[in-house]
Amino acid sequence: MEPIYIVIMCFFQLFLITAHCKPQVPCFFIFGDSIVDNGNNNDRQTVFKANFLPYGTDFPDGPTGRYTNGRNLADIIAELLGFDEYIPPYAKAKNRDFLRGVNYASSGAGILDQSGRNYGDIISLDQQLSNHESTVSQVKAMFRDHQKAQEFLGTCIYSVGFGSNDYLLNYLPKFYNSTNKFNPQEFASFLMSKFSGQLQRLYRTGARKVAVFALGKLGCVPGQIAIHGASPGSRCVETIDIATAPFNEKLQILIGALNTKFLDARFVYTKANTTSYGRIRVLDRPCCVTVGANGGCVAGSTPCKNRDEYMFWDSVHPTEAAYSIFARAAYREMAPLYSPPVETW
């Protein structure tokens, strides 16, 4: 083989390796609830914790606070974006971690401060934004140049996913016992009014690439099916999905309004939806033995062995296998926020 050919091939291989190792964006900031929480609740006074087995059964570091058997949604999206390490929880982030991104998510958190409060010291979206403002101050101090720091923050991707706990832990219990003062349309409008202000607050910190996640079908989670029973001819509680439908309808309108108002930013409505579940066959039962009002796994219990065939790990949260499917769908929908996209399937 000619020496020059060997040199060219070696250079090309090195280029591919380097290209794969470099993230598509320099930083990834995550706001949310238990779907993406990776340990922020561990040392807080709340029942919403997942730092014990069987949570983390398939995660290299064992139980970390992730509400699943392995990686959660944010972990897999971070991998798809090219990050070679998981984004650290805010509770453990230090120094230069803040330049790569931080996960602020807290199990039980909602758009409304009162959502989830009955279950202890959770970190609401407002509090997560306050934590991010502290992060931004540290980033600016590292850059020692306000303008350069703002330009840097504008290149990051921001993931925001809320609403589930505003329904599961706040609105729906009152909806079923007829003590709620809002009908579904009114409650969704109330949430959007609050959420709009929060997303604009995030924009003011320098966020310009924002993925805002839609609400999933809450009527299809095993915990709600166990409480209310599936509707006739369905595997889900249809009354819940009907009551929560206005949230996504109004969220799409809000995203359009924000994109019109802030022409230097991009807000992307992210459904993370798919009609193909691969090997997953069990859609309405949890893989682990569950207990209590929050449907969490019984500590130390033995989960199912065929977890790649289960949609849900506990009564509310998906398995790593399900997250892998949803993350790839979300990554494709987030394409306007990164460039160029890479093939992942």
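For the structure itself, look to the data block above.
Residues numbered from 1 in each chain as written. Predicted model: local features only at pLDDT ≥ 70, side-chain atom pairs only at ≥ 80, totals over all residues. Heavy atoms only, no water.

Some details on empty space enclosed by the protein
- Summed over all chains, the structure comprises one cavity of 30 Å³ or more.
- Of the pockets and cavities examined, the largest cavity occupies roughly 40 Å³.
- Forming the boundary of the largest cavity are Ile-30, Asn-38, Ala-74, Asp-75, Ala-78, Tyr-86, Ile-87 and Asn-103.
- For the lining of the largest cavity, the leading source of residues is helix 2 (residues 73-80), giving three residues.
- Considering only residue class, the lining of the largest cavity consists of five nonpolar, two polar and one charged. (1 Å grid on protein atoms, 1.4 Å probe; cavity = no way out; pocket = protein on both sides within 12 Å on 5 of 7 lines; lining within 4 Å. Points joined across faces, edges and corners; volume = space filled by probe spheres on them. Helix = DSSP H or I, 4+ residues; strand = E, 2+ residues; numbered from the N terminus. Nonpolar A, V, L, I, M, F, W, Y, C, P; charged D, E, K, R; others polar.)

Let's talk about the sheet that holds strand 1 (residues 28-31)
- A sheet is described by the order of its strands in space; here four strands give the open sequence 1-2-3-4, paired in parallel fashion. Two strands lie at the open edges of the sheet, namely strand 1 and strand 4 (266-270), each paired on one side alone. On average, each strand axis in the sheet is inclined to that of its neighbour by 20°, with strand direction left out of account.
- For strand 3 (residues 209-213) and strand 4, the ladder comprises five bridges, and the chain directions are parallel. Bridged to Lys-209 within strand 4 is Arg-266. (Pairing = 2+ DSSP bridges. Axes fitted to C-alpha atoms, helices over the stretch in contact; angles between N-to-C directions.)

Observations concerning the pairing of strand 2 (residues 157-160)
- The side-chain alternation of strand 2 yields two buried faces, one formed by Ile-157 and Ser-159 and the other by Tyr-158 and Val-160.
- For strand 1 and strand 2, the ladder comprises four bridges, and the chain directions are parallel. The residue of strand 2 that forms the bridge with Phe-29 is Tyr-158.
- The pairing of strand 2 with strand 3 spans three bridges and is parallel. (Buried < 20%, exposed > 50% of the residue type's maximum accessible area, 1.4 Å probe, protein only.)

The values reported here are purely geometric and, on their own, carry no functional implication.
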